[in-house]
Amino acid sequence: MLDTVPSSDVRTTRTVSPDQLRDLLAETGAVVHDSVRLSELTTLRVGGPALVAECGSTETLVATVRALDAAGIAVLLVAGGSNLLVDDAGFDGVVVRVATTGVEFGADGVTAEAGANWDELVAATVGQGLGGLECLSGIPGSVGATPVQNVGAYGVEVESLLRRVRLLDRATGAVRWAAPAELGFGYRTSVLKHSDAAVVLAVELGLDPSGMSAPLRYGELARVLGAEAGDRRPVARVREEVLRLRAGKGMVLDAADHDTWSAGSFFTNPVVTDDRLPQVMAAITAHLGEVNVPTYPAPEGAKLSAGWLIERAGFAKGFPGEQSPARLSTKHTLALTNRGAANAADIVALARTVRDGVYERFGVLLEPEPVTVGVNV
Ligand SMILES: Cc1cc2nc3c(=O)[nH]c(=O)nc-3n(C[C@H](O)[C@H](O)[C@H](O)COP(=O)(O)OP(=O)(O)OC[C@H]3O[C@@H](n4cnc5c(N)ncnc54)[C@H](O)[C@@H]3O)c2cc1C
């Protein structure tokens, strides 16, 4: 298994000027942009300035990260910026923008470079009648970030489709294909998350040429497709319904809709261990009376629904109201959103209020799902 390495955010960094950076990267092919605001590169649209080295080819990406690592300069990889909450002070190292795009289809799979747009890839596989990715339709961001937090939706996680992942191992500088077993996948995590261990350069996904979806596992999706759990449906139909369901929850990016100025679900669904579960259930009953608490099996206990806990703790959709620049989405309590004028501090303050409220009422500590840079929730 690949070792995790603390991310740049907690490593010492050497400050570098744009001219020094240009000299350092002269041979790599990276395009250097001075003082870009990270609010322009992230879907929460918050985050201060940083130097950006844009990498349009895999060779450039490898050479750039190798050069920065050798010089001891902190690196923040940014692709679609849809799972990042960056401090208003920005990033005091170099943002390496993953801007590769290559995609190659096979009869029963696809290989794509890290910077390729994930949902465009899903649409293309569906268009070719390849099954497997349809439940992951509409997730913003890049192909290369999907293994980082083992993206998942509607009962499918990317782990189940990955054949192999091409990595730049930053400890050795070597480029190699890694097997999924090396990446320590879990629920919304892997050894790549919160870690400077490796850069994902490409992924290879195994798909089903039958034109049928993976067996449906998510009740709400199966219902709208008139199916039972375990049934399969034509991939294009499943993609259509997934996009419709997601849009209803503000989970498909739409620049005109502030409910989508978010990082998606802000908190992961908490896993409560078996020994603590009775205590949590007692706290829920004490506050709400006898209620049906949604729980899902998890290896060490039970997974609860973060959205359900947030709502039952008294945080309604749109909380705390129209005067606030950062609010819960009006469609989905699990998304923290920027109404246009929010900064990172506003998002962090809202996240803490919600996290503390849930903890006080039910004794469950919610953990943020996005990667935070320079801020602590
Ligand atoms: C509206 C909305 C809905 C969402 N819905 C879902 C969902 O249903 N399921 C889900 O799992 N997620 C969801 N997300 C979260 C997000 O879209 C995914 O995590 C996505 O994979 C992030 O991709 P990105 O390219 O934007 O990553 P970024 O935000 O650019 O980066 C995220 C992290 O990955 C690192 N990283 C990026 N590229 C690489 C690389 N090539 N190699 C190594 N590290 C890298 C970054 O340094 C950072 O730590 C949603 C987000 C939004 C805004």
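Owing to the predicted nature of the structure, the values given are computational and were not obtained by experimental measurement.

### As for the side chain of Lys-303
Take Lys-303: it is sitting in strand β15 (residues 301–304). Among buried Asp, Glu, Lys and Arg side chains, Lys-303 stands out as unpaired, with Glu-157 the closest opposite charge at 5.9 Å. For Lys-303, the residues in contact, after removing those within four places along its chain, are Tyr-187, Asn-269, Pro-270, Val-271, Pro-294, Thr-295, Tyr-296 and Ala-298.

### Remarks on the site of the ligand
Looking at the ligand, there are 31 residues lining it, with Leu-77, Ala-79, Ser-82, Ser-142 and Gly-152 nearest. Contact between the ligand and Gly-81: an oxygen atom at 2.9 Å from a main-chain N or O atom of the residue. Protein contacts shield 95% of the accessible area of the ligand, which totals 980 Å² for the unbound molecule. At the level of secondary structure, the elements contributing two or more residues to the shell around the ligand comprise β3 (75–78), β8 (152–153) and β12 (198–206). Counting residues per element, the shell around the ligand draws most heavily on β12, at 3 residues. Tallied by class, the residues present in the shell around the ligand amount to 17 nonpolar, 11 polar and 3 charged.

### A few points about the sheet that holds β12
Backbone-to-backbone hydrogen bonds pair the strands of a sheet. The strands run either parallel or antiparallel. The sheet built from 5 strands is open, its strands ordered β6-β7-β12-β10-β11 with antiparallel pairing. A single partner strand is all that each edge strand has here, and the edge strands are β6 (103–106) and β11 (175–178). Direction aside, neighbouring strands of the sheet carry axes that sit 20 degrees apart on average. Inspection of the sheet shows β6 paired to strand β7 (residues 109–113) by 4 bridges, in the antiparallel sense. Note on β7: the bridge partner recorded for Phe-105 is Val-110. Along the sheet, helix α2 (residues 58–70) contacts β7, β10 (162–169), β11 and β12; its crossing angle with β12, the most-contacted strand, is approximately 150 degrees.

### Quick look at the UniProt feature "active site" (unreviewed entry) in the protein chain
The UniProt record annotates "active site" (unreviewed entry) at Arg-188, Ser-265 and Glu-369. Spatial clustering of the annotated residues is evident: they stretch over 182 residues in sequence, but the largest pairwise C-alpha distance comes to 10.9 Å. Tracing the sequence through the fold places Arg-188 in the loop between β11 and β12. In this view, Arg-188 contacts Gln-149, Asn-150, Val-151, Gly-152, Ala-153, Glu-157, Lys-193, Thr-268 and Glu-369; residues no more than four positions away in its chain are not counted. At a separation of 3.0 Å, a polar atom in the side chain of Arg-188 contacts the main-chain carbonyl oxygen of Gly-152. As for its position among the elements, Glu-369 is in the loop between α8 (344–362) and β18 (371–373). Every residue in contact with Glu-369, bar those within four places of it in the chain, is listed here: Asn-83, Gln-149, Arg-188, Lys-193, Ser-265, Phe-266, Phe-267 and Thr-268.

### Thoughts on the sheet that holds strand β14 (residues 295–298)
Ordered in space as β13-β15-β14, the 3 strands form an open sheet in which the pairing is antiparallel. Strand pairing shows two members of the sheet lacking a second neighbour, β13 (271–273) and β14, which therefore form its edges. With strand direction ignored, the average angle separating the axes of adjacent strands in the sheet is 35 degrees. Alignment of β13 against β15, held across 3 bridges, turns out to be antiparallel. Among the inter-strand pairings, Val-271 is bridged to a residue of β15, identified as Lys-303.

### Considerations on the nonpolar core
If you look at soluble globular proteins, the nonpolar side chains tend to sit buried side by side. Of all hydrophobic cores here, the largest spans 43 residues; its most connected members are Trp-118, Leu-167, Leu-205 and Leu-221. Taken together, the elements giving at least two residues each to this core come down to β7, α3 (118–127), β10, β12, α4 (219–224) and α5 (235–248). Once residues lying within four places of it in the same chain are set aside, the contact partners of Leu-205 are Asp-108, Gly-109, Val-110, Trp-118, Leu-121, Leu-133, Val-158, Leu-161, Leu-162 and Arg-163. Grouped together as the second largest cluster of nonpolar side chains are 35 residues, Leu-44, Phe-267, Leu-334 and Phe-362 included.

### Describing unusual backbone geometry
Residue Pro-320 follows Phe-319 across a cis peptide bond; omega there is 5 degrees. When you line up the elements, Pro-320 lands in the loop between α7 (306–312) and β16 (326–328). In this structure, Arg-45 takes a positive phi of about 60 degrees despite not being glycine. Note on placement: Arg-45 falls in the loop between β1 (31–37) and β2 (49–55). Take Arg-45: its relative accessible area is 32%, and that puts it in the partly exposed class. If you check the backbone angles, Arg-188 has positive phi at about 55 degrees while not being a glycine.

Analysis parameters
Residues numbered from 1 in each chain as written. Predicted model: local features only at pLDDT ≥ 70, side-chain atom pairs only at ≥ 80, totals over all residues. Heavy atoms only, no water. Helix = DSSP H or I, 4+ residues; strand = E, 2+ residues; numbered from the N terminus. Buried < 20%, exposed > 50% of the residue type's maximum accessible area, 1.4 Å probe, protein only. Lys, Arg positive; Asp, Glu negative; His and termini not counted. Salt bridge = Lys/Arg side-chain N within 4 Å of Asp/Glu carboxyl O. Contact = heavy atoms within 4.5 Å. Near = heavy atom within 4 Å. Polar contact = N/O pair within 3.5 Å; in protein donor to acceptor, adjacent residues only side chain to side chain. Areas by Shrake-Rupley, 256 points an atom, 1.4 Å probe, with all protein chains shown as cover. Nonpolar A, V, L, I, M, F, W, Y, C, P; charged D, E, K, R; others polar. Pairing = 2+ DSSP bridges. Axes fitted to C-alpha atoms, helices over the stretch in contact; angles between N-to-C directions. UniProt positions renumbered as here; feature names shortened; annotations may be inferred. Core = buried A, V, L, I, M, F, W, Y, C linked by side-chain atoms within 4.5 Å.

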